[in-house]
Amino acid sequence: MSVDNIRFSVIIPLYNKEKYIEQTLCSVLGQSYPFFEVVVVDDGSSDKSVSIVKSIKDSRIRIISQKNGGVAAARNTGIEVSVENYVAFIDADDYWAVTYLEEMVNLISSYPDGGMYACRYAEVVEGKQKSVAIALNESFKSGYISYFKLFARTYVSPICSSAVVIPRKSFIKVGIFRVGLKVGEDIDLWLRLAQNGDVIYLNQELAFYNNDQPIDNRLSQKLYSPQESYIFSLDKLYRESSKDGQLLIDGLILRTLRPYYALGLYVREVDRVLKGVNFENQPLGYRLYYYLPRWMAKRVYLVLRKMRSLLR
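The rules we used
Residues numbered from 1 in each chain as written. Predicted model: local features only at pLDDT ≥ 70, side-chain atom pairs only at ≥ 80, totals over all residues. Heavy atoms only, no water. Buried < 20%, exposed > 50% of the residue type's maximum accessible area, 1.4 Å probe, protein only. Helix = DSSP H or I, 4+ residues; strand = E, 2+ residues; numbered from the N terminus. Pairing = 2+ DSSP bridges. Salt bridge = Lys/Arg side-chain N within 4 Å of Asp/Glu carboxyl O. Right-handed = clockwise from strand over helix to strand, strands pointing away. Core = buried A, V, L, I, M, F, W, Y, C linked by side-chain atoms within 4.5 Å. Contact = heavy atoms within 4.5 Å. Phe/Tyr/Trp six-rings, centres within 6.5 Å; stacked < 30°, edge-to-face > 60°.

*Asks:* I would appreciate a short explanation of the pairing of strand β6 (residues 116–125) in the present structure.
*Replies:* Burial within β6 is extensive, with 10 of its 10 residues counted as buried. The pairing of β6 with strand β10 (residues 199–211) spans 10 bridges and is parallel. Counted as the bridge partner of Ala118 is Tyr201 from β10. Both β6 and strand β9 (residues 164–167) contribute to a ladder of two bridges, which runs antiparallel. Following the sheet pairing, Ala118 is matched in β9 by Val164. Of the pairings in the sheet, the one linking β6 to strand β7 (residues 128–131) comprises four bridges and is antiparallel in character. Each residue of the ladder has a partner; that of Val124, found in β7, is Gln129. In this structure, the hairpin formed by β6 and β7 is closed by a connection of two residues, where Glu126 is found at a positive phi of approximately 50°.

Take a look at the structure:
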């Protein structure tokens, strides 16, 4: 594919990120590859975020304002109003290395038929960069990966929303982000894309994912309802998935539902999801855990949670 045909729509969902949005935009506008538009979707911000964006004078920036509908709705708006043939997402508190888009162009040129393109990313906690535990060999430089197999090695997604580029035609095939989900809306889409096309990966840290605290701490703080969490609505994808996809989905379910099971939350929905899991290929510890009555699982869960907090 000719480089001249590769142009990006950079979608930035924005909600109350006045502390970070300038850094994010500067990292985008400073890219070594200049052929892109920037669509900032203001999702009902109440701080100075939008004013900061407006103060940055660059003809490539467009601001779209809407009522607060969540990150999935904001990204979808960006997809719908943008025009270029490749869509790159970056959250409003993350940032890119200066060669990020240039390297994505090289990746697309080498593998023009990919269903999505991504690179390794680093987590930023309290200003310090930390490599994410993605189980790729150092000898791997770039090329095709099995998203399902790679994800299942560590249960840390090799793809994050600020380190992925999606050809616009892929959305026609699998759809866009599912509105209403408050957790896992990105993984839900990555799973659908990986099931329906090739995943092309660059083993370089070129995107930086800003977390105020580590991922495992952040995700453990709130348990979302079945309507808000992707883990309760993977039935159709599971039926259509390969064995590798089903193995990954089973593992995600067992890991995500531990606190729900122990605390007796949404019992009917949890039992429905667990009924569809193939426990045979999962670790013995999970099989034993879900064999326990809920009152006993709660004791185990609370002890393990306390131990983890003491070890941090």
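That was the structure; now back to the text.
*Asks:* Looking at this structure, I do not really get the pattern of salt bridges. What am I missing?
*Replies:* Side chains bearing opposite charge may pair, as long as their charged atoms lie close to each other. Considering all chains together, one arrives at 12 salt bridges under this definition. Between Lys149 and Asp244 there is a salt bridge whose closest N-O contact spans 3.9 Å. Residue Lys149 is found in helix α5 (residues 147–154), and its partner Asp244 is found in helix α10 (residues 243–256); the two are separated by 95 residues along the sequence. Taking the relative accessible area as the measure of exposure, Asp244 reaches 30% and is therefore partly exposed. Between Asp235 and Arg272 there is a salt bridge; the shortest N-O distance is 2.9 Å. With Asp235 in helix α9 (residues 235–240) and Arg272 in helix α12 (residues 267–275), this residue pair connects regions lying 37 residues apart in the sequence. Asp235 gets classed as partly exposed once you look at its relative accessible area, which sits at 37%. Three or more residues are tied together by salt bridges with common partners; here these are Arg75, Asp91 and Glu185.

*Asks:* What is the right way to read the pairing of strand β1 (residues 8–14) from this model?
*Replies:* Here is the key point about a regular strand: its side chains alternate between the two faces of the sheet. For β1, a buried count of seven out of seven residues is recorded, marking the element as mostly surrounded by other parts of the structure. Burial of β1 is two-sided: the residues Phe8, Val10, Ile12 and Leu14 facing one way and the residues Ser9, Ile11 and Pro13 facing the other way are all buried. Crossover connection from β1 via helix α1 (residues 21–29) to parallel strand β2 (residues 36–42): handedness right-handed. For β1 and strand β4 (residues 86–89), the ladder comprises four bridges, and the chain directions are parallel. Bridging from a neighbouring strand, Val10 pairs with Ala88 of β4.

*Asks:* Sorry, what's going on with unusual backbone geometry here?
*Replies:* Only a minority of non-glycine residues have a phi that is not negative, and only a minority of peptide bonds are not trans. Phi at Asn16 takes a positive value of approximately 50°, unusual for a residue other than glycine. Take Asn16: it is sitting in the loop between β1 and α1. Asn16 sits in the partly exposed class, given a relative accessible area of 28%.

*Asks:* Just to check I follow, could you spell out the nonpolar core for this structure?
*Replies:* Within soluble globular proteins, side chains that are nonpolar generally end up buried alongside one another. Ranked by size, the top nonpolar core spans 105 residues in total, and within it Phe8, Val10, Val38, Tyr147, Trp190 and Leu257 carry the most contacts. With eight residues, the single largest contributor to this core is β10. Beyond its immediate sequence surroundings of up to four residues, Tyr147 is in contact with Ser157, Pro158, Ile159, Ile187, Trp190, Leu191, Ala194 and Val199.

*Asks:* Help me out: how do you make sense of the packing of aromatic side chains in this one?
*Replies:* Two aromatic rings, taken as a pair, are described by how far apart their centres are and by the angle between their planes. In total, this model carries 20 aromatic pairs according to the counting rule given. Measuring from centroid to centroid gives 6.0 Å for Tyr261 and Tyr289, while their planes differ by 55°, and the two rings are tilted. With Tyr261 in helix α11 (residues 258–263) and Tyr289 in helix α13 (residues 284–291), this residue pair connects regions lying 28 residues apart in the sequence. Residue Tyr289 is classed as buried on the basis of its relative accessible area, which comes to 8%.

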